[in-house]
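Observations on the model geometry
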Amino acid sequence: MKYLLTIVYIIFTTGGLALMKLGGDSFKVSLTGGPMFKMGWLTFFGFVCYLISFLLWQRLLVKYDLSYIVPIATGIVQVIVLLMGYLIFKEKLSIFGIVGAVFVVIGIVLMAFGKR
């Protein structure tokens, strides 16, 4: 139960990023002929997920040590986003990206064990 808030934050952050990417370039703002604001559904839901993740992030920062939660949560998000890019969006992975992700995972494990 202790890590539930972090898991929910990670789900909303990565889900929001994926939905905004899937929504493509559907966000439009114009001031000619009066103000206009237009956004596709996927982009909108991605934006809502990301907004929720921001509110959860604020709670995480208050609840946990800053030097602990920021590197761990952002590291996990970075690795998941790297995998999403490869698996969902068919983005290419470089050897540097893979090595970097391995180092991030090692760092997360070391920090998690160091906190105990």
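Just above sits the structure.
Structural notes, computed from the coordinates. (Residues numbered from 1 in each chain as written. Predicted model: local features only at pLDDT ≥ 70, side-chain atom pairs only at ≥ 80, totals over all residues. Heavy atoms only, no water.)

A few words on the nonpolar core. Counting residues in each nonpolar core, the largest one holds nine residues, listed as Tyr9, Ile10, Leu56, Trp57, Leu60, Tyr64, Ile69, Ala73 and Val77. Broken down by secondary-structure element, the contributors of at least two residues to this core are helix H1 (4-23), helix H2 (41-63) and helix H3 (66-87). (Core = buried A, V, L, I, M, F, W, Y, C linked by side-chain atoms within 4.5 Å. Buried < 20%, exposed > 50% of the residue type's maximum accessible area, 1.4 Å probe, protein only. Helix = DSSP H or I, 4+ residues; strand = E, 2+ residues; numbered from the N terminus.)

If you add up the space inside the largest pocket, you get close to 260 Å³. Along its surface, the largest pocket is lined by 14 residues, and Tyr3, Tyr68, Ile72, Ile76 and Ala112 are the ones closest to its centre. Of all the secondary-structure elements, those providing two or more residues to the lining of the largest pocket are H1, H3 and helix H4 (95-115). Across the lining of the largest pocket, the residue classes break down as 12 nonpolar, one polar and one charged. (1 Å grid on protein atoms, 1.4 Å probe; cavity = no way out; pocket = protein on both sides within 12 Å on 5 of 7 lines; lining within 4 Å. Points joined across faces, edges and corners; volume = space filled by probe spheres on them. Nonpolar A, V, L, I, M, F, W, Y, C, P; charged D, E, K, R; others polar.)

Time to look at the pattern of salt bridges. Tallied over the full model, the rule gives two salt bridges. The shortest N-O distance in the salt bridge between Glu91 and Lys21 comes to 3.7 Å. Taken together, the residues Glu91 in the loop between H3 and H4 and Lys21 in helix H1 connect sequence positions 70 residues apart. On the basis of relative accessibility, which here comes to 38%, the residue Glu91 falls in the partly exposed class. By relative accessible area, Lys21 is classed as partly exposed at 48%. Ionic pairing is found between Asp25 and Lys28, a salt bridge with its closest N-O pair at 4.0 Å. With relative accessibility at 36%, the residue Lys28 sits in the partly exposed group. (Salt bridge = Lys/Arg side-chain N within 4 Å of Asp/Glu carboxyl O.)

Within the chain, Lys90 stands out as a residue other than glycine whose phi angle is a positive 55°. Take Lys90: it is sitting in the loop between H3 and H4.

Another aspect to go through is the packing of H1 against H2. Running from N to C, H1 and H2 point in directions that differ by 155°, and their axes come no closer than 7 Å. As summarised for this structure, H1 and H2 are arranged roughly antiparallel, according to the angle between their axes. Judged by the sense of rotation from one axis to the other, the crossing of H1 with H2 is left-handed. Residues belonging to the contact of H1 with H2 are distributed by class as follows: 17 nonpolar, seven polar and two charged. (Axes fitted to C-alpha atoms, helices over the stretch in contact; angles between N-to-C directions. Parallel < 35°, antiparallel > 145°, perpendicular 65-115°, else oblique. Left-handed = near helix turned anticlockwise from the far one by under 90°.)

Turning our attention to H1. Spanning 20 residues, H1 covers 28 Å between terminal C-alpha atoms, matching the ideal 28 Å at 1.5 Å per step. Every buried residue belonging to H1 is among Thr6, Tyr9, Ile10, Thr13, Thr14, Gly16 and Ala18, and all of these are buried. In this structure, the buried residues of H1 make contact with H2 and H3. Looking one or two residues past H1, Gly24 carries a phi angle of roughly 70°, positive in sign. (Expected span 1.5 Å × (residues − 1). Contact = heavy atoms within 4.5 Å.)

The next thing to look at is the side chain of Thr14. Tracing the backbone through its elements, the reader meets Thr14 in helix H1. At 2.8 Å, the side chain of Thr14 and the backbone oxygen of Ile10 are in polar contact. Polar contacts involving the side chain of Thr14 include one to the main-chain carbonyl oxygen of Ile11, which spans 3.4 Å. Excluding residues within four positions of it along the chain, Thr14 makes contact with Val77, Ile80, Val81 and Met84. (Polar contact = N/O pair within 3.5 Å; in protein donor to acceptor, adjacent residues only side chain to side chain.)

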